[in-house]
Amino acid sequence: RDTLMLLTEHMRIDADLFEVAAKQLQGKLRAPSGQQDELDECERVLALYCGDFLPEDLYEDWTTRRRDRLRRLYNSLLESAAALALAHRKGQDACEYLLTLLEYNPADEQTHRQLMLTYARMGRRRDAVNQYQRLRDVLREELRAVPLPETTEVFRSIQTGRITVDLLETRSSSGPLPVEDVPVTRHVHAHAETDVPLSSRKPEAEEQTQPVAQPRA
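First, a word on what this report is: a plain description of the structure on this page. (Residues numbered from 1 in each chain as written. Predicted model: local features only at pLDDT ≥ 70, side-chain atom pairs only at ≥ 80, totals over all residues. Heavy atoms only, no water.)

## Focus: helix 6 (residues 125-143)
Helical periodicity: at 3.6 residues per turn, an α-helix aligns residues three or four positions apart in one direction. Here helix 6 is 19 residues long and its end C-alpha atoms lie 26 Å apart, about the 27 Å a rise of 1.5 Å per residue gives. Taken as a whole, helix 6 has its buried residues at Ala128, Val129, Gln131, Tyr132, Leu135, Val138 and Leu139. The inward-facing, buried residues of helix 6 contact helix 4 (91-104), helix 5 (109-121) and helix 7 (149-159). Positioned one or two residues after helix 6, Arg144 has a phi angle of 50 degrees, which is positive. (Helix = DSSP H or I, 4+ residues; strand = E, 2+ residues; numbered from the N terminus. Expected span 1.5 Å × (residues − 1). Buried < 20%, exposed > 50% of the residue type's maximum accessible area, 1.4 Å probe, protein only. Contact = heavy atoms within 4.5 Å.)

Here's what the structure looks like:
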């Protein structure tokens, strides 16, 4: 009868590698310097994430706990990477990080709002308006709610061209903004966890129906 022995000292587990690297990086990013190497490090660690942990064992308690923990780590690093990309005026990179966040939580209004602003700061007003429309759709379909007033105000600022275009659409070698100007983001997992209680939102039926005017090309 054959016996199989695993030599753990010679094994490399992707989930372990990601978790250790992510926690180390989170410690460094608590006091960000705004340097390019921080964004490079974020990209390196994010690349270690290989998707949900043991997706074939969705209903095992121990895998669920670790799967959720690793996903939270991944989302947190995506937020940090988006903030650093914006600090370096890399608008396209920031958009990609924010879009990835929305893949995991399509109803995250704060991320939608940040993506709208990023598009507008890149001069992509039509994309910003379309992002607002997608947000309205997902809130209506998933929560029977409408966007928060601050999101609607951002939308109106975009429509009227009040957002300064100051981001590059392609990767740039521009220097970073001062550290104190690096935006701090907080990922919000659905509206039930926002600072504004869901009960304070107007139901969809009370939303004033207004056509969304597309900006002129």
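Now that the structure is up, let's keep going.
## Some remarks on unusual backbone geometry
The phi dihedral of Arg89 is positive, around 60 degrees, even though this residue is not glycine. Of note, Arg89 is situated in the loop between helix 3 (61-87) and helix 4. Notably, Arg144 is not glycine yet its phi reads approximately 50 degrees, a positive angle.

## Some details on the environment of Thr152
With respect to the helices and strands, Thr152 occurs in helix 7. The spacing of Thr152 and Arg113 is 39 residues in sequence and 9.2 Å in space, taken between C-alpha atoms. Aside from chain neighbours lying at most four places away, what touches Thr152 is Tyr132 and Pro147.

## Observations concerning the nonpolar core
Core analysis: the largest hydrophobic core is formed by 40 residues, its most contacted members being Phe18, Val45, Leu46, Leu77, Tyr97 and Ile158. Those elements giving two or more residues to this core turn out to be helix 1 (14-29), helix 2 (36-46), helix 3, helix 4, helix 5, helix 6 and helix 7. Ranked by the residues each element gives to this core, the list is headed by helix 3, at 10 residues. Setting aside chain neighbours within four positions, we find Leu46 in contact with Tyr74, Leu77, Leu78, Ala81 and Tyr97. (Core = buried A, V, L, I, M, F, W, Y, C linked by side-chain atoms within 4.5 Å.)

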